Amino acid sequence: MLFKALVEHFEKLEATTSRLAMIDILVHLFSETPPNLMDKVVYLTLGEVYPSYVGLEVGLADKLVLRAVVLATGIPDLKVEQEYKALGDSGLVAEKLLSTKRKATLFSQPLTVEKVYITLEKMCRISGEGAQDTKIKLFAGLLTDSTPKEAKYLSRIVSGRLRLGVAEMTILDALAVAYGGSRELRDTIERAYNITSDIGLIAKTLAEGGIDAVKNIKIAIGRPIKPQLAERLSSLDEILEKLNGRCIAEYKYDGLRIQAHIADGAVILFSRRQENITEQFPDIVEALKKCVVANEAILDGEAVPVDPNTGELLPFQVVAQRRRKYDIERYAEEIPVTLFLFDILYLDGEDLTVKPYLERKKLLESVIKETDRVKLAQYIVSGNPEEIERFFHKSIEEGTEGLICKSILPNSIYEAGKRGWQWIKWKRSYRSEMTDTVDLVAVGAFAGRGKRAGTYGALLMAAYNSDKDRFETVCKLGSGFTDEDLAKLPEMFKPYLINHKHPRVESSIEADYWFVPVIVAEVIGDEITLSPMHTCGFEAIRPKSGLAIRFPRLVRFREDKSAEDATTTTEIIEMYRMQLKTIEETTPTDTA
Ligand code: ATP
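Each value, and the rule that gives it
- Within each chain, residues carry numbers counting from 1 in the order of the written sequence.
- In view of the model being predicted, local features appear only for residues whose pLDDT reaches at least 70, and side-chain atom pairs are presented and counted only at 80 or more, with totals across whole chains, interfaces and linings using the full set of residues.
- With hydrogens and water stripped out, all remaining heavy atoms of the structure feed into the side-chain values.
- In DSSP terms, a helix is any run of H or I states spanning at least four residues, a strand is any run of E spanning at least two, and both are numbered starting from the N terminus.
- Accessible areas in this description were obtained via Shrake-Rupley with a 1.4 Å probe; residue shielding takes into account the shown protein chains only.
- His is not counted, nor are the chain ends; Lys and Arg add positive charge and Asp and Glu add negative charge.
- Lys charges are placed at NZ, Arg charges at CZ, Asp charges at CG and Glu charges at CD.
- Cysteine sulfur atoms that come within 2.5 Å of each other are treated as a disulfide pair.
- The buried label applies to any residue whose accessible area, calculated with a 1.4 Å probe on protein chains only, is under 20% of its type's maximum; exposed applies above 50%, and partly exposed to all values in between.
- One requirement defines pairing of two strands: DSSP has to find at least two bridges between them.
- Here a residue is considered near a molecule or strand provided that any single heavy atom belonging to it is located within 4 Å of it.
- A 3.5 Å cut-off defines polar contacts: any pair of N or O atoms within that distance qualifies, except that in protein one atom must be a possible hydrogen donor and the other a possible acceptor, and neighbouring residues in sequence count only when both atoms are side-chain atoms.
- Polarity classes work like this: nonpolar for Ala, Val, Leu, Ile, Met, Phe, Trp, Tyr, Cys and Pro, charged for Asp, Glu, Lys and Arg, and polar for all others, with Gly in that last group.
- The criterion for an aromatic pair is that two Phe, Tyr or Trp rings (for Trp, the six-membered ring) have centres within 6.5 Å, with stacked assigned to planes under 30 degrees apart, edge-to-face to planes over 60 apart and tilted to the rest.
- Definition used: whenever NZ (Lys) or CZ (Arg) falls within 6 Å of the ring centre and also within 35 degrees of the ring normal, the charge is taken to sit over that ring.
- Lines fitted to C-alpha atoms define the axes here, with helix axes fitted over just the stretch in contact, and angles between the N-to-C directions of these axes take values from 0 to 180 degrees.
- Orientation is classified from the angle alone, with under 35 degrees giving roughly parallel, over 145 giving roughly antiparallel, 65 to 115 giving roughly perpendicular, and any other angle giving oblique.
- Helix crossings are classified by the rotation of the near helix relative to the far one: an anticlockwise turn of less than a right angle makes the crossing left-handed, while a clockwise turn makes it right-handed.
- Residues are treated as being in contact if the distance between any of their heavy atoms lies within 4.5 Å.
- A carboxyl oxygen of Asp or Glu within 4 Å of a side-chain nitrogen of Lys or Arg is what we treat as a salt bridge.
- Domain limits in this description derive from either an automatic procedure or a database domain assignment.
- The buried area of a pairing is the accessible area, by a 1.4 Å probe, that goes missing from both parts when the two are put together, added over both.

**A look at the overall build of the protein chain**
Working step 1: Each helix and strand in the protein chain was counted, giving 20 helices and 21 strands.
Working step 2: Across its three principal axes, the protein chain shows a C-alpha extent of roughly 95 × 55 × 50 Å.
Working step 3: Taken as a whole, the protein chain presents about 26,600 Å² of accessible surface, with 50% of it coming from carbon and sulfur.
Working step 4: When the 79 basic and 89 acidic side-chain charges of the protein chain are each reduced to a single mean position, those positions are 4 Å apart.

So this is what it looks like as C-alpha cells:
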C-alpha cells in the first residue's frame, strides 16, 4: 500500500471537525487497506507506532527533525532554522523545504506503508550510544524518498504531533460501520478493545477474520485490560436502591490503581491509563512473586503508601512523589506501599471478567497469601445501612476516602473500560481541617521496624478525660519525629515503662509497651474522625464509636506540661462538633 494513499486520507481528516465526516473518511481508508496492514494503518492514523501500553515512541524532538531535513535536502542549518522560526512547525518546514529542494538520489522510490512502518519501528527500538544520530539518519532516509506532503505528516508522527483529531472511539465506530454496522457489532468490537487495549489488533483481526474472530480475542498476560470505573451517589439509601438492597461495601483506598499481570513468576504492573509502571514498584513486584498461588493471574488493586511503623495508611501524595524520585529502591524502603487487591480478572487460562463479583472475590481470596506489601481490600457483604455506615466511618478513620459499593447480582461481571452503576463510590463530600494542635499523653508504644528497629516505631497517644480521670486513646503517632527525637525515645520513656496497661488508661488497642501516663506531646493532625478503635469520646457522638485524629504528626514534646494538662476528651468532642458545624455551613448537602 502506498504511503501516499494514507496521507491523502490524513489530509481529508485534518480538514474536517465533524465526527460523522471522519467516520466516512476512515471507512473509505479501511476499504483501501489490505487486511494485513490494518493494524499499522490504525496506529499511524493515531500518530503512534505501537499500542500505547508498549511504551515505545519515536520521540524525535523538533530540533532533530530539522537536522534530518538538513540531511535530506542539503539546505544549510541556518536557513532551516529560519524557516522553523517563521512557521513554528517542523512538519510545515519539511513540507516547504522538500518542495524547493531535495538531494538527488538514483534510487528514490515511492514510499509504502510497510517501508514507513518498518523504519519507524527501528527508530523506536534504537537505544544506547549514537542512537540519536542513527534515528536522524533513518528519518532523513524516509524524507529523501517522500513527497512534500508525506514529509509533513511523517515529521508530525515522529515528533509525536500528528493530531488529526481522530479519537480511538471514532476508529471503533468506523470499524463497526465498515464491517457491518450493527449496534451489536459495535459493542463486540468495543469489548474486545477494552480487554486488550490494542486497537490495531482489533482492526486487523476484524479485517482478516470478521466479527467471529474478534469475539474470540482473549485476555492475555502482558496486555492491560481497561479498568472498570465507578459512578457516584451521595446517599447510602440511593446506593442500596441501585444495587438491589445488598452489596459488597469495600474500602476505597486513596492511592494508585494498579493492574498486576503475573505469569510464571514474572510480574508486570500497569497504571489506570495502561502505562507500564513495573519499574516504579520493585517492592510490589517482589511481594507479588511470593504471594500469588497460581501460574498466571491478572489482579486489580490500589497501591497505597503505609507508615512502616504504625501500619497506618498515609496520604496519597506520598506515593505520587515516587514517580519523580530517581532512587526508587531507597524510597521503597522508607515509604513502602501496600497493594490492596480487590479483584481478579484472569486465572490460569480462564477469563474471569464474565463471572459475578462474589465468585471473583472467592477466587481472589483463594490465590492470595497476604503479606505486609500485598493485602486483600477490606469489605463487608451487607444490606444493612447502619452496618455499612459504621464500616464507612471505620474506613475513613483508617485513612481511606470512603467506600465503593459493588453489585453482587448474578450479572455483576467486570465491565472493562466502563463507568457504570455496578460500582458506586460513597466518598465524603467534604474535607475538614484540624486548625489547632492538641496536647496528648503517651500511654504506650509499638516496636520500631526497619530504620526504627531498636527504638519505638510509634507512640499510642491519649486525651485526658477529666470527669473520669482516665486517659483515652485517640491516635497512633508515628510521623513528625526527627532522627534525634527517635534515638532518644527509649531513654526518655525508660522511667515510665511498665509491663501492663496503666489502670488510668482506657485502650482497646494492644500496645507492645505500656507507660505510666506522664509524657505530653503537642500534635497536629488533618482532622478528627469517628473511630471504632479509639476510646476517646466513646459513644459521645455515635454508638460503638470513639474519636480519632487522622494523620497525626508530632510538633514537639511539652516537658512543661503534666499529663493532667493535656487536651481533654470534652475538648476533642467539641473540636469534632466544630468541624461538623463548619462543614454544614459550607456544604449543605453533606452526607456523613
Ligand atoms: P475514576 O477512577 O472513577 O475516574 P477518580 O480517578 O477521580 O475517578 P475516584 O473518583 O477517587 O477516582 O474513584 C475511583 C478510583 O478509586 C478507582 O479508579 C480506583 O483507583 C480507586 N479505588 C480504591 N479502592 C477501590 C476499590 N476497592 N475498588 C475499586 N476502585 C478502588
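**Observations regarding the state of the cysteines**
Note on terminology: disulfide describes a covalent bond linking the sulfur atoms of two cysteines.
Working step 1: Using the criterion set out here, one finds zero disulfides in the structure.
Working step 2: Cys-247 takes part in no disulfide bond, and the closest cysteine sulfur to it belongs to Cys-405, at a distance of 4.2 Å.

**Some details on the pairing of strand β5 (residues 296-305)**
Working step 1: The buried fraction of β5 is high, at nine of 10 residues.
Working step 2: Pairing analysis gives eight bridges linking strand β3 (residues 256-263) to β5, with the strands arranged antiparallel. Each bridged residue has a counterpart across the sheet, and for Arg-257 the counterpart in β5 is Glu-302.
Working step 3: Both β5 and strand β6 (residues 337-347) contribute to a ladder of nine bridges, which runs antiparallel. Paired with Val-304 across the strands is Thr-338, a residue of β6.

**Describing the site of the ligand**
Working step 1: Taken together, the neighbourhood of the ligand is formed by 16 residues, with Lys-252, Arg-272, Glu-302, Arg-419 and Lys-425 sitting nearest.
Working step 2: The contact in question runs from a nitrogen atom of the ligand to an N or O atom on the side chain of Glu-250, over 2.8 Å.
Working step 3: Compared with its free state, where it exposes 590 Å², the ligand has 82% of that area covered by protein.
Working step 4: Secondary-structure elements contributing two or more residues to the shell around the ligand are β2 (247-251), β10 (402-407) and β11 (419-427).
Working step 5: In terms of residues, the shell around the ligand owes the most to one element, β11, which gives four residues.
Working step 6: Grouping the amino acids of the shell around the ligand by side-chain chemistry returns six nonpolar, no polar and 10 charged.

**Describing the packing of aromatic side chains**
Working step 1: For the structure shown, the criterion picks out 14 aromatic pairs.
Working step 2: An angle of 85 degrees between the planes, with centres 6.2 Å apart, marks the rings of Tyr-53 and Phe-270 as edge-to-face. Remark: Phe-270 occurs in strand β4 (residues 266-270) and Tyr-53 occurs in the loop between α3 (38-45) and α4 (62-73); sequence separation between them is 217 residues.
Working step 3: Taking the relative accessible area as the measure of exposure, Tyr-53 reaches 11% and is therefore buried.
Working step 4: Between Tyr-464 and Phe-471 the ring centres are 4.9 Å apart and the planes differ by 35 degrees, which places this aromatic pair in the tilted class. Taken as a pair, Tyr-464 and Phe-471 share a single burial class, namely buried.
Working step 5: Among the aromatic residues, ring-to-ring pairing joins Tyr-251, Tyr-253, Phe-340 and Phe-391 into one connected group.
Working step 6: We note Lys-40 situated over the ring of Tyr-117; from NZ or CZ to the ring centre the distance is 5.3 Å.
Working step 7: The aromatic ring of Phe-446 is capped on one face by Lys-476, whose charged end is 4.8 Å from the ring centroid.

**Some points on the packing of helix α7 (residues 113-125) against helix α8 (residues 131-145)**
Working step 1: One can describe the packing of α7 onto α8 by two numbers: an axis separation of 9 Å at closest approach and a directional angle of 165 degrees. Considering the angle they form, α7 stands roughly antiparallel to α8. Between α7 and α8 lies a crossing of left-handed hand. On α8, the residues touching Lys-115, Val-116, Thr-119, Leu-120, Lys-122 and Met-123 of α7 are Lys-135, Leu-138, Phe-139, Leu-142 and Asp-145.
Working step 2: Looking at side-chain class alone, the contact of α7 with α8 contains six nonpolar, one polar and four charged residues.

**A look at the environment of Ile-528**
Working step 1: Here Ile-528 is to be found in strand β19 (residues 527-531).
Working step 2: The exposure class of Ile-528 is buried, given its relative accessible area of 2%.
Working step 3: A sequence separation of 24 residues divides Ile-528 from Pro-552, and the C-alpha atoms of the two residues are 9.8 Å apart.
Working step 4: For Ile-528, the contacting residues outside a window of four places in its chain are Met-434, Leu-547, Ala-548, Ile-549, Ile-572, Met-575, Tyr-576 and Gln-579.

**A word on the pattern of salt bridges**
Working step 1: A full pass over the atoms with the stated rule returns 37 salt bridges.
Working step 2: In this structure, Arg-19 engages Asp-173 in a salt bridge whose closest nitrogen and oxygen atoms are separated by 2.1 Å. On the criterion of sequence distance, the pair formed by Arg-19 in helix α2 (residues 19-32) and Asp-173 in helix α10 (residues 168-178) is long-range, its members being 154 residues apart.
Working step 3: The shortest N-O distance in the salt bridge between Glu-286 and Lys-289 comes to 3.3 Å. Residue Glu-286 and its partner Lys-289 are located together in helix α14 (residues 282-291), separated by three residues, close to a single helical turn.
Working step 4: The exposure class of Glu-286 is partly exposed, given its relative accessible area of 39%.

**Here's the deal with the domain arrangement of the protein chain**
Working step 1: Partitioning the protein chain into domains gives domain 1 (229-427) and domain 2 (438-583).
Working step 2: The straight-line distance from the C-alpha centre of domain 1 to that of domain 2 is 30 Å.
Working step 3: Contact with domain 1, which involves 18 residues of that partner, is made by 19 residues of domain 2.
Working step 4: Together, Asn-309, His-393 and Glu-397 form the three largest contributors to the area buried by domain 1 at its contact with domain 2, with a combined 38%.
Working step 5: For the pair domain 1 and domain 2, the number of links is two salt bridges.
Working step 6: Between Arg-449 and Asp-372 there is a salt bridge, with the nearest N and O atoms lying 3.0 Å from each other.
Working step 7: Remark: the boundary between domain 1 and domain 2 carries six residue pairs in polar contact (both at pLDDT 80 or more).

**Thoughts on the side chain of His-9**
Working step 1: Within the secondary structure layout, His-9 lies in helix α1 (residues 3-14).
Working step 2: A residue is classified by how much of its surface remains accessible, and His-9, at 3% relative accessible area, is buried.
Working step 3: Of note is the side chain of His-9, whose polar atom sits 2.9 Å from the backbone oxygen of Ala-5.
Working step 4: Residue contacts for His-9: discarding those within four places in its chain leaves Ile-25, His-28, Leu-29 and Glu-32.

**Some words on the packing of α1 against α3**
Working step 1: α3 packs onto α1 with a crossing angle of 40 degrees between their chain directions and a minimal axis gap of 11 Å. Comparing the axis directions of α1 and α3 gives the class oblique. α3 is crossed by α1, and the crossing has right-handed handedness. Residue-level inspection shows Leu-6, Phe-10 and Leu-13 of α1 in contact with α3, the latter providing Val-41, Leu-44 and Thr-45.
Working step 2: Classifying every residue of the contact of α1 with α3 by side-chain character gives five nonpolar, one polar and no charged.

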